[in-house]
Amino acid sequence: MTKGIDAQWRRTVSVRPATSVVRLRETVVPRTAGLAQIEAALRAGRSVLVVGDVGVGKTHLVDSFAASDAFYETASARPLTHRAEVPAPGTPVWISVGASRDRTATPLGALLDVLPDIQVDVTAPIGTVRGLVLAALRSMGAGRALVVRVDDAHLLDDLSARVLAVLARQEEIQLVATMQTFAAGRSPWFELWKDAVADRVDLAPFTRDEVALWLRGSLGGEVAAEALRQVWEVCAGNPFHMSEVVGSAVASGTLRQESDVWIWSGVVPLSTKVIELVQHEIAHVSPQGRRALDLVSISRGLVRDVLERIVPAPVIDALLDEGLITIRYRDSRPDRAGHGSSPDQGTRTPYLECAPLFSRVLFETASVAQRREILTTLRAVAGDEAEQTGLALVTSVGASLDCGLPEPAARILGALRAGLVAGRVVEVEQIATSALAVLPAPDPVRLDVLVARAQAWRFLDQPARALLDVSRLREELAAADIDDETYAQHLLEAVEIVMAIEQYHHDDAAAALHALAVAERQLTARLGSPLPAEPALRIAVARLIALGCDGRFNECRDEAMALVSGPDAASPHILPLMPLLIVDLVETGRMLAAQEIVQRHLGVAAAHAGTHPWAVAEILSAGFIGLIGLGDVAAAEGVVAMLSMDEGSFTSDPTTGHVTRGGLASLRGRWSDGRAELRAANVQFAASDVIGLAAMTLVSEGLMAIASGDTTAGRELLARADASPRRMYSAYMQAEIRCLRLQAHSWLRSPDLYDQAIDLADWAADRGLARVELDALHLAVFALHADGRLAAGEDLLERAHAVASHVDGRRGQAQLAHVVAMFSRDQDLILVANRELGERGVWLPLSQPPVALTRREKEIAGLAAGGLSSKEIADRLFLSVRTVDSHLSRIFAKAGVRSRRELAAVLHT
């Protein structure tokens, strides 16, 4: 896994009924491949078997085809072979047969409903029955082509299935049948497919991207990443389940719209309808089958060998056939589960699982007594508990404690770790509280549990409760009979929580540093002086982080560099320091050194993902900023792809994807797209911002709003950013925030832009932040050039040359080249420099054209003025070239120009 990440970098509960009926918008996610398969089969004269699990949209796919022009064209144009009669011209006759479970045992039951006047002796030979059915169908078709549609063909009685299969084989009819996956392997359907009489169309659940498309369309707005994650986890791409769950979530307020973005808060609600739908699907299951479903759902997944010790194998096979349980693979790699010593020791363990929604309903509707009985049964089966990891372990331990069943300390601690890694802090708090209620005070396990609950309270924005748990931890720590290493471990965990609260919630770096000093004295009193290597290292890192989060990295920059380059470079304890150091190196202009540290420590972060689950994503995010500083937009795009992976090999906050995608959109000049991504991030941060990034993302969204033409909203966002507390990351990112704010004022054409830029340049110079100083000098010269006052800033040219010599990368070179071009007053040279800036992700504000442009026109005009071709613009904005050219024609007419060169001259003058 370590090698994989390095290579990627280098390559680039409650059950709540709905309070009201909620109508989602009608949204169609194109299933073009499935429609094309149906069309191709019917054109070739074959029948079609549409196969898939319950709720994946088989009926909807057939409905879509039947309503299309392709249906009438293909059904009447099919080739004829040995048919006795030539169908009359005109549209084909569509005859629908609906199979049902209550008619499964009735011979010809489904067809008799369609052909009520037919007189059939069901005991007659199959040929006789076939002839009578065919005659009845032909009378309904009036000589036209016959297409018989059968929904839920797996529920047909045997006689109906055989008759329809024979008619399809003899090409008397074309059959379009939907069925569950298990039935496709049975007679007569398997033989139809094997003999090429029918084509099989396998319909899978929606992909994550298709789920996102459906959500945006159904809700009519942007959807935050956390909301997408919740729907994906509980529905696994099942369209029917999604419709019901999302409707319930909207009705209950769990899914709500704020600032045009849909966000999620709380647990997935289960409406009465959802519960009844699940219960209907399993109503026919035998008592032993229901027992197996309960075991699988309440355990959140079982190895088959374990389940077979309780339930007969044929019962399990039947559930697998019907798709009520499926075989999944649990990732037991140590970097994900927090076990083992090497990231290369992981395995993929097969286990049985219910569909997520089924599992949730069965779990929630089981009584406490039922859960206790099932969990007790599972405990009697050796080997099960050792197989559980991740969220399955969280759920299992939580259920046990909730039922009053004791749990081993190792499983409790494993569940707490897994819950924190997955961000399930509500469940962590509940498990910890239940565990503390049963663990006796002298038990040292209580210390770990108190740490976990204090962390959960902090993430739940409950600092007072977190500090109360820290106080209890210190009391029990003083009285505990533990070794010095364990004492140091827990004391340092406690002080790290206190420091985070002081800096995040109270914005008090002095209090954080004081708490660290007190802890250091306590450790020295117990362990002696000098301190052992590990606690000494953790104290040093904690102090550097406190200074960095207070915006004072210039006081400890050399110490931090020595630490990450010294003998402790491979220690996991330095990982929390990495993002701060990388960003600081970027701001000082040492982008290449920053990239070297990223590459060197990604492997360390991956190797210790079990104990530092966020480290890989944090280092990648900081590296993304470094790539922006270098002007390597293509590589930055690759990092965003890594951070946006559905199932990555590391833990990442979904909101990070919004932030980095927004940043990438701005590098490409796609202001509207960037604004949408950052608006989603800011809505999520308004609900929960555990590290304090809101100030930066608000400024970023404000810049993109202004750049896209919405200056009123942009000013409001800048004001909100001003009012945001500095907190942790907002403090160490203050240089980036100042740069973004200055860019926003350049797009606003602020009259004091030059003064603001010089102030920022001087502030950065005092702190040795060469990259920030160069950004500010560039905009200072731009302001003078726009005002025709370059003569007043002749000294800036020499200063820009001097600063640029300390800034790595082509972005800084492009800025310097643009400064030189502006001082040369050579318009052609300025246009060339503008194009290079665009290639490096730097987009300058445009002058106002003679008439107003729409937001989309401004976006396209800016890219065209930057030298991009119509195809390049189309690729960036996800438009057709024809659309781009059409916009450009209107832009040229409005601006009174005839070419991109003239447009650039107008907009950059």
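Draft legend 1. Structural detail: the side chain of Asp151. Along the chain, Asp151 turns up in strand β3 (residues 146–151). Using a relative accessible area of 19% as the deciding quantity, one classes Asp151 as buried. A distance of 3.4 Å separates a polar atom in the side chain of Asp151 from a polar atom in the side chain of Thr178.

Draft legend 2. Inspection of the environment of Cys354 at higher detail. Mapped onto the secondary structure, Cys354 falls in strand β10 (residues 348–354). In this structure Cys354 comes out as buried when scored by relative accessible area, which is 2%. In this structure the C-alpha to C-alpha distance between Cys354 and Val296, which are 58 residues apart in sequence, comes to 6.6 Å. For Cys354, the residues in contact, after removing those within four places along its chain, are Leu293, Val296, Ser297, Leu324, Ile325, Ser359 and Leu362.

Draft legend 3. Main features of the sheet that holds β3. Ordered in space as β2-β3-β4-β1-β5, the five strands form an open sheet in which the pairing is parallel. Since the sheet does not close on itself, it has two edges, and those belong to β2 (93–98) and β5 (198–202), each with one partner. Across the sheet, the axes of successive neighbouring strands diverge by a mean angle of 15°, strand direction being ignored. Direction of pairing for strand β1 (residues 47–51) relative to strand β4 (residues 174–179): parallel, over a ladder of four bridges.

Draft legend 4. Looking closely at helix α11 (residues 239–252). Under the 1.5 Å per step criterion, the end-to-end length of α11 is 20 Å for 14 residues, consistent within 8% with the ideal 20 Å. With 10 of its 14 residues buried, α11 lies for the most part within the structure. Among the residues of α11, Pro239, His241, Met242, Glu244, Val245, Val246, Gly247, Ser248, Ala249 and Ala251 are the ones counted as buried. Buried residues belonging to α11 abut α9 (208–219), α10 (225–235), β7 (255–258), β8 (261–264), α12 (272–281) and α17 (356–365).

Draft legend 5. Fine view of the confidence of the model for the chain. Mean pLDDT for the chain: 83, with 89% of residues reaching 70 or above. Overall, residues 76–86 carries pLDDT values under 50, and its contacts beyond four positions in sequence, including any with other chains, amount to 22 contacts.

Draft legend 6. Region of interest: the pairing of β1. Here β1 lies mainly inside the structure; five of its five residues are buried. On β1, burial covers both faces: Ser47, Leu49 and Val51 on one face and Val48 and Val50 on the other are all buried. Across five bridges, β1 lies against β5 in parallel orientation. Across the sheet, Val51 pairs through a bridge with Asp202, a residue of β5.

Draft legend 7. View of the nonpolar core. Counting 133 residues, the largest nonpolar core has Leu577, Met578 and Leu581 as its most contacted members. Per-element accounting of this core gives the leading share, 11 residues, to helix α40 (residues 770–787). In contact with Leu581, not counting residues within four places along its chain, are Phe553, Ala560, Met561, Val564 and Ile597. Within the second largest apolar cluster, 57 residues are counted, among which are Ala212, Leu215, Ile325 and Leu375.

Draft legend 8. Just the packing of aromatic side chains, in detail. Using the criterion set out here, one finds two aromatic pairs in the structure. A ring pair is formed by Phe190 and Trp193, whose centres lie 5.8 Å apart and whose planes are at 55°; its orientation type is tilted. Remark: Trp193 and Phe190 occur in helix α8 (residues 189–194); sequence separation between them is three residues, near one turn of the helix. Note on Phe190: relative accessible area 30%, which makes it partly exposed. For Trp193, a relative accessible area of 41% translates into the label partly exposed. Ring centres of Trp671 and Trp747 lie 5.3 Å apart, and the angle between their planes is 70°; this geometry places the pair in the edge-to-face category. In this pair, Trp671 sits in helix α34 (residues 671–687) while Trp747 sits in helix α38 (residues 734–747), placing the two residues 76 residues apart along the sequence. Accessibility expressed as a relative area gives 16% for Trp747, which makes it buried. Geometry around Tyr487 places Arg526 over its ring, the cationic atom sitting 4.3 Å from the centre. Looking at Arg738, its charged tip hangs above the ring of Trp763, at a distance of 4.1 Å from the centre.

Rules of the game
- Residues numbered from 1 in each chain as written.
- Predicted model: local features only at pLDDT ≥ 70, side-chain atom pairs only at ≥ 80, totals over all residues.
- Heavy atoms only, no water.
- Helix = DSSP H or I, 4+ residues; strand = E, 2+ residues; numbered from the N terminus.
- Buried < 20%, exposed > 50% of the residue type's maximum accessible area, 1.4 Å probe, protein only.
- Polar contact = N/O pair within 3.5 Å; in protein donor to acceptor, adjacent residues only side chain to side chain.
- Contact = heavy atoms within 4.5 Å.
- Pairing = 2+ DSSP bridges.
- Axes fitted to C-alpha atoms, helices over the stretch in contact; angles between N-to-C directions.
- Expected span 1.5 Å × (residues − 1).
- pLDDT = per-residue confidence, 0-100.
- Core = buried A, V, L, I, M, F, W, Y, C linked by side-chain atoms within 4.5 Å.
- Phe/Tyr/Trp six-rings, centres within 6.5 Å; stacked < 30°, edge-to-face > 60°.
- Lys NZ or Arg CZ within 6 Å of the ring centre and 35° of its normal.

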